[in-house]
Protein chains: 2
Amino acid sequence: MSTVSLVPETRVLAIASHVSHFVKCGHDPHISYVGNKMATLVMQLLGCDVAALNTVHFSNHTGYRQFKGTRATAEQITELYEGLCQSHLTDFDVMLSGYAPSAAAVEAVGAIGMDLQRKAEKNPGSFFWVLDPVMGDQGRLYVSNDVVPAYKTIIHHADLILPNQFEAETLSGIKITSLSTLAEAITAIHATYNVPHIIITSVDLSRFTQSPSSQTTTPPDSLTVIGSTTRSDGPRVSSASTSQPWTATSAAQVTSPDDKVLGVPRRGQGHGSPSARATVQVLASMHSVLEKTMEARDAELRAADTRGDETLSEEERLKREHLRKSKAAEVRLVRNVQYLREPTVVFQAQEWRKEDLPAGSQ
Amino acid sequence: MSTVSLVPETRVLAIASHVSHFVKCGHDPHISYVGNKMATLVMQLLGCDVAALNTVHFSNHTGYRQFKGTRATAEQITELYEGLCQSHLTDFDVMLSGYAPSAAAVEAVGAIGMDLQRKAEKNPGSFFWVLDPVMGDQGRLYVSNDVVPAYKTIIHHADLILPNQFEAETLSGIKITSLSTLAEAITAIHATYNVPHIIITSVDLSRFTQSPSSQTTTPPDSLTVIGSTTRSDGPRVSSASTSQPWTATSAAQVTSPDDKVLGVPRRGQGHGSPSARATVQVLASMHSVLEKTMEARDAELRAADTRGDETLSEEERLKREHLRKSKAAEVRLVRNVQYLREPTVVFQAQEWRKEDLPAGSQ
C-alpha cells in the first residue's frame, strides 16, 4: 500500500458498539448500524488514527439472533472520555457516534460531542461530528422509547447525521412513502434540528406509491441513499429552499442471510457536492467488498458440513442453518482491502430534480 | 495492497486489553504488553480475521501514568466466549492471549484456550495458542501476586509463550544475569511447563556479568530476543538437549518518552527455525515502524505548543511534559503499513553456540 491511497491524516473518535466476532455492517432487520469493529478498521485501512470508545461489548452481532456480553453505562462512557481529557488526548478532527445502549448513554455521547466542539471553537471548521442516530429499522424501534427524545436533543449539534429511512421518519414525524414525503422529511429535519448535512442511508424507492421517472431504473429491493446539504458559507441555513438533495442507488444487502446483492450502478448525471462524492465512493467500496463477501459466503455454504442436521428438530435445524448463514455472510474485509480502496464499480450521484420536490420547497 | 503481501488466511481469537486512544506497543516499564488495539490491527493489516475479546477497557495506555476505564471480570470474559460457542463461532486457527486483569481472569482465559484445544483435537496441528504471560517487567510485578500461580497452571497448555526477561525469571525461578543462567531458565521453563516454544521478548545482554564473544556487537540498552523450540516430530520433548535456542538483537524502545531506537541489525549466521524466521520478520517490521514513529514523535515535540507551561508548578510542568511525550510517542502504524509489510531493515537470527549453554544441556 502506498500512502497515495490514504486519506489525509485524520484523528477520529469513534463511539459505537464492539462485537468480538469479526466484522459486520449493512442493512439487516436485526442490526442496521455499523459497529465500531467495522468502522474502526475501515477508517484505519484508509489511514485514519481511530480512538475507539466502545458502547457495548458483545460476542457477535445481533443478526445471529443470540449474543452475550455487556453494555457500557453512561457513566462508563463519560469516564473513558474523561480519561482522554485528563491526558490531553482530545485533539480529534472527527467524531463518529453510533449505537448507544440507553437514553443516558446517548446524552453522554452528546455531551462528549459538544465538549469537543467547544474545545475546537478556536479553529472553526477543525472538528466535524458525524452522528448515526441508531434507533431502529424497517418500521420498528430497537431501542427503548426514551432514546428517541435523547437523540432529538443532541442532533442539533451534529454536522452530519446518517439516519436510515425509519430513523428519518422518526426524527421528522413524516412517514416516507413517496418522493414528496421524502423531500418533506428532509426539509423538516433540516428545519427542526438545524443540521447542515443529512444522508439517509437506505430508502427503498421501489415501494413508493408514486412512480416518478427517476424510479424506472431502480431495481426492486435495492437501496437508494439520499443526501441533502444546506447551501451556506456562513451560518447554517436550514430551509429546504437552500438544500441540494441528491440520490445514489446501491445495494448493500449481503449481510442478512437471505439477502442478495442487487445493485445496479446508476450512471446518471454526476452530482458534485462533497457529501455526494463521498457517498458514491463509499457505495462503490461497499459494493465491491460485498461482492467479494457474497462469493466467499456462497463458497463457504457450499462447503458447509451439515452432517448431523437431519437428527435435529425442525426448529433446531432452522436455527443451525440461520447461524451458519450468518457466519458465512460476515464481511470479508481484511482479505479485500484493495477493493475497499480501489473499488471495481462506479456509482454516480444524481441531482434530485426540482419536479420531485414538494411545492414550496423548490 | 495486493494479496501477495498477506499471510495465509488465519482466524485469530485475541484476548487482551483494549485502550481507546490509538495504539501502543513495546518495552516500557509501565506497560510491557502489546494490547489488543495494536495486536488486532497488526494482524488485520497482515490479512488475519481477528475476533477481539477485550479484557480491559481503558481510555489510554498506562504509560501515561493516568487512565480511566474498567476491567472485565472473569465471568464477563467467559460469557463472551460462551456467546461465540453458542453460535458456533469458535473455529479459530490461533489464540493470542495477553493481559488479563486478575487471577480469575487468567484462569478464564486458560479455560478458553483448553476448550479450543479440545474442539481442535480432531485435526491435530490445526490450532495454536500463543500466550503472553503478562505479569511484570524490570524486576517488578504489576499484577497481583495470585496471578503468578494462575499463569503457572495454564502455561502447560500453550504452544508458544512470550515472556519478557522478568517473566521468564518469574516462571523459572532463576535470576537471569548471564548467558548460562539464561540457558538454565529456558531449560527450566521447557522442563517445568512442557511448553514447546519459548520466545523471551527482551533480554538486555549488555548488563550480563559474563561477556561472551556473542555480546561484543550488542550495543548497550538494545534488547535481544531469545527463542527456543523443542526438537520433536512426535510428542513434546522438553529436555534442554533437544532445544534449538537462537538470538536476535533489536531495539524496540521508542514508546517510552525517554527511549531511543538503538537497534543495530545483527548480520550473523542465519538461523532457520520457523520461530526464528518469524521473529526476525517481526523485529524488522517493528524497527521500521518505530523509526517512522520516532521521526514523527520528534517533529510533534518540536511543534508542540508549550505556552502556558511556565505558569505551572514544577510538578505540573513535568507531568504535562510527560503526557506530551507519551502522546507524541504513540505508534504511527496506520500511515506506515508499507513498513510493517516490507520493512527497510534486515535482521538475522543467530544460533546460540553450544559453548554458551550450561553443562549438561549440550
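Since the model is a prediction, treat every value here as computed from it, not as a measurement. (Residues numbered from 1 in each chain as written. Chains lettered and ligands numbered in written order. Predicted model: local features only at pLDDT ≥ 70, side-chain atom pairs only at ≥ 80, totals over all residues. Heavy atoms only, no water.)

### Description of the overall build of chain A
Part 1 of the reasoning: A count of helical and extended segments in chain A gives nine helices and twelve strands.
Part 2 of the reasoning: Within chain A, the fraction of its 362 residues that count as buried is 60%.
Part 3 of the reasoning: Taking the intrachain contacts of chain A between residues at least 6 apart in sequence as the baseline, contacts between residues at least 24 apart amount to 73%.
Part 4 of the reasoning: Within the structure as shown, chain A displays about 14500 Å² of accessible surface, and the carbon and sulfur contribution to it stands at 52%. (Helix = DSSP H or I, 4+ residues; strand = E, 2+ residues; numbered from the N terminus. Buried < 20%, exposed > 50% of the residue type's maximum accessible area, 1.4 Å probe, protein only. Contact = heavy atoms within 4.5 Å. Areas by Shrake-Rupley, 256 points an atom, 1.4 Å probe, with all protein chains shown as cover.)

### A short note on the confidence of the model for chain A
Residue and element names in this part refer to chain A.
Part 1 of the reasoning: When the pLDDT values of chain A are averaged, the result is 80; 77% of them are 70 or greater.
Part 2 of the reasoning: When pLDDT is averaged over each element of chain A, helix α3 (residues 103-119) comes out on top at 98 and strand β11 (residues 246-250) at the bottom at 62.
Part 3 of the reasoning: For residues 212-216, every residue scores under 50 in pLDDT, and the model assigns this stretch eleven contacts once sequence neighbours within four places are set aside.
Part 4 of the reasoning: Low pLDDT (under 50) marks residues 251-269, which in the prediction has 69 contacts with non-local residues, meaning those over four places away or in another chain.
Part 5 of the reasoning: Interface confidence in the predicted complex, given as ipTM, is 0.82; pTM for the same model is 0.85. (pLDDT = per-residue confidence, 0-100.)

### Focus: the interface of chain A and chain B
Many descriptions give the size of an interface as the accessible area lost when the pieces come together.
Part 1 of the reasoning: On the chain B side, the residues contacting the 54 residues of chain A number 55 residues.
Part 2 of the reasoning: For the chain A and chain B pair, buried surface summed over both sides reaches about 5000 Å², with 57% attributable to carbon and sulfur atoms.
Part 3 of the reasoning: Linking chain A with chain B are four salt bridges, by the criterion used here.
Part 4 of the reasoning: Seen at the junction of chain A and chain B, the total is 18 residue pairs in polar contact (both at pLDDT 80 or more).
Part 5 of the reasoning: At the level of secondary structure, the elements contributing two or more residues to the side of chain A that touches chain B comprise β1 (11-19), α1 (36-45), β2 (49-58), β3 (69-71), α2 (74-86), α8 (314-328) and α9 (337-341) of chain A.
Part 6 of the reasoning: The dominant element in the side of chain A that touches chain B, judged by the number of residues it contributes, is β2(A), at eight residues.
Part 7 of the reasoning: Here the side of chain A that touches chain B is built from residues that sort into 23 nonpolar, 19 polar and twelve charged. (Buried area = accessible area lost by both parts, 1.4 Å probe. Salt bridge = Lys/Arg side-chain N within 4 Å of Asp/Glu carboxyl O. Polar contact = N/O pair within 3.5 Å; in protein donor to acceptor, adjacent residues only side chain to side chain. Nonpolar A, V, L, I, M, F, W, Y, C, P; charged D, E, K, R; others polar.)

### Thoughts on the packing of α2(A) against α3(A)
Residue and element names in this part refer to chain A.
Part 1 of the reasoning: As a packed pair, α2 and α3 sit with axes 8 Å apart at the nearest point and diverge in direction by 20 degrees. Between α2 and α3, the crossing angle belongs to the class labelled roughly parallel. In the crossing of α2 with α3, the sense of the turn from one axis to the other is right-handed. Facing A74, I77, T78, Y81 and C85 of α2, the residues of α3 in contact are A104, A105, A108, V109, I112, D115, L116 and K119.
Part 2 of the reasoning: Taken together, the residues of the contact of α2 with α3 break down into ten nonpolar, one polar and two charged. (Axes fitted to C-alpha atoms, helices over the stretch in contact; angles between N-to-C directions. Parallel < 35°, antiparallel > 145°, perpendicular 65-115°, else oblique. Left-handed = near helix turned anticlockwise from the far one by under 90°.)

### Side note on the nonpolar core
Part 1 of the reasoning: Counting residues in hydrophobic clusters, the biggest one holds 61 residues, and the most contacted among them are L13(B), M95(B), Y151(B), I161(B) and L182(B).
Part 2 of the reasoning: Ignoring any residue separated from it by four or fewer positions in sequence, one finds Y151(B) in contact with G98(B), A100(B), V106(B), L131(B), D132(B), P133(B), V134(B) and M135(B).
Part 3 of the reasoning: A105(A), L116(A), A158(A) and Y193(A) belong to the second-largest nonpolar core, a separate cluster that totals 60 residues. (Core = buried A, V, L, I, M, F, W, Y, C linked by side-chain atoms within 4.5 Å.)

### Regarding the relation of the copies chain A and chain B
Part 1 of the reasoning: Of the transformation superimposing chain A on chain B, the axial component is 0.0 Å and the angular component is 180 degrees, with the fit at an RMSD of 0.0 Å. What the superposition gives is, in effect, a two-fold axis relating one chain to the other.
Part 2 of the reasoning: When the interface residues of chain A are mapped onto chain B, 100% of them again lie at the interface, so the same face is used by both copies. (Least-squares fit on C-alpha atoms with pLDDT ≥ 70 in both.)

### Structural notes on the UniProt feature "domain: Pyridoxamine kinase/Phosphomethylpyrimidine kinase" (unreviewed entry) in chain A
Part 1 of the reasoning: The UniProt entry lists residues 128-207 of chain A under the feature "domain: Pyridoxamine kinase/Phosphomethylpyrimidine kinase" (unreviewed entry), expressed in the numbering used here.
Part 2 of the reasoning: Helix makes up 39% of residues 128-207 of chain A and strand 21%. Its end C-alpha atoms lie 34 Å apart. (UniProt positions renumbered as here; feature names shortened; annotations may be inferred.)

### Focus: the packing of helix α3 (residues 103-119) of chain B against helix α4 (residues 147-154) of chain B
The description of two helices packed together rests on the angle between their axes and the distance between the axes.
Residue and element names in this part refer to chain B.
Part 1 of the reasoning: Put simply, α3 and α4 touch, their axes get as near as 8 Å, and they point 10 degrees apart. Comparing their axes, α4 and α3 come out roughly parallel. In this structure, α3 contributes A103, V106, E107, G110 and M114 to the contact, and α4 contributes V147, A150, Y151 and I154.
Part 2 of the reasoning: Broken down by class, the residue content of the contact of α3 with α4 amounts to seven nonpolar, one polar and one charged.

### Structural notes on the pattern of salt bridges
Side-chain pairing between opposite charges can occur once the charged atoms of the two side chains come close.
Part 1 of the reasoning: Within the structure shown, the criterion is met by 30 salt bridges over all chains.
Part 2 of the reasoning: The salt bridge involving K175(B) is made with E169(B); its shortest N-O contact spans 4.0 Å.
Part 3 of the reasoning: Exposure remark for E169(B): the relative accessible area of 12% places this residue in the buried category.
Part 4 of the reasoning: Overlapping salt bridges bring together R11(A), D91(A), E300(B), K327(B) and R332(B) as one network.

### Section: the packing of aromatic side chains
Residue and element names in this part refer to chain A.
Part 1 of the reasoning: For the structure on display, the rule yields two aromatic pairs over all chains.
Part 2 of the reasoning: With 4.4 Å between their ring centres and 40 degrees between their planes, F58 and F67 make a pair best called tilted.
Part 3 of the reasoning: A relative accessible area of 3% places F58 in the buried class.
Part 4 of the reasoning: Owing to a relative accessible area of 29%, F67 belongs among the partly exposed residues under this scheme. (Phe/Tyr/Trp six-rings, centres within 6.5 Å; stacked < 30°, edge-to-face > 60°.)

### What to know about the environment of Q165(A)
Residue and element names in this part refer to chain A.
Part 1 of the reasoning: Summarising the element assignment, Q165 is placed in helix α5 (residues 165-172).
Part 2 of the reasoning: Sequence separation of Q165 and V203 is 38 residues, and the distance between their C-alpha atoms is 5.4 Å.
Part 3 of the reasoning: Only 3.1 Å separates the side chain of Q165 from the backbone oxygen of I176, close enough to count as a polar contact.

### Topic: the pairing of strand β9 (residues 197-203) of chain B
Residue and element names in this part refer to chain B.
Part 1 of the reasoning: Within β9, five of the seven residues are buried, which leaves the element mostly enclosed by the surrounding structure.
Part 2 of the reasoning: Of the pairings in the sheet, the one linking strand β8 (residues 160-161) to β9 comprises two bridges and is parallel in character. For L160, the partnering residue across the bridge sits in β9 and is H197. (Pairing = 2+ DSSP bridges.)

### Regarding the pairing of strand β5 (residues 128-131) of chain A
Within a regular strand, the side chains alternate between the two sheet faces.
Residues and elements named next belong to chain A.
Part 1 of the reasoning: Sheet analysis places strand β4 (residues 94-97) next to β5, joined by four bridges and oriented parallel. Looking at the pairing, L96 lines up with V130 of β5.
Part 2 of the reasoning: Handedness of the crossover joining β4 and β5 through α3 is recorded here as right-handed. (Right-handed = clockwise from strand over helix to strand, strands pointing away.)

### Overview of unusual backbone geometry
Part 1 of the reasoning: Phi is positive for Q138(A), close to 55 degrees, though the residue is something other than glycine.
Part 2 of the reasoning: Position of Q138(A) among the secondary structure elements: in the loop between β6 (136-137) and β7 (140-141).

### Some words on the environment of G69(B)
Part 1 of the reasoning: As for its position among the elements, G69(B) is in strand β3 (residues 69-71).
Part 2 of the reasoning: Taking the C-alpha atoms as reference points, G69(B) and S20(B), 49 residues apart in sequence, are found 9.5 Å from one another.
Part 3 of the reasoning: Filtering out sequence-adjacent residues up to four positions away, G69(B) remains in contact with E79(A), L80(A), H57(B) and F58(B).

### Structural notes on α4(B)
Part 1 of the reasoning: For α4(B), the full list of buried residues reads V147(B), V148(B), A150(B), Y151(B) and I154(B). Projected down its long axis, α4(B) carries its buried residues within an arc of 160 degrees, all on one side. (Arc of directions from axis to C-beta.)

### Re the side chain of N164(B)
Residues and elements named next belong to chain B.
Part 1 of the reasoning: Tracing the backbone shows N164 in the loop between β8 and α5 (165-172).
Part 2 of the reasoning: Here F166 takes part through its backbone nitrogen, which lies 3.2 Å from a polar atom of the side chain of N164.
Part 3 of the reasoning: A distance of 2.8 Å separates a polar atom in the side chain of N164 from the backbone nitrogen of E167.

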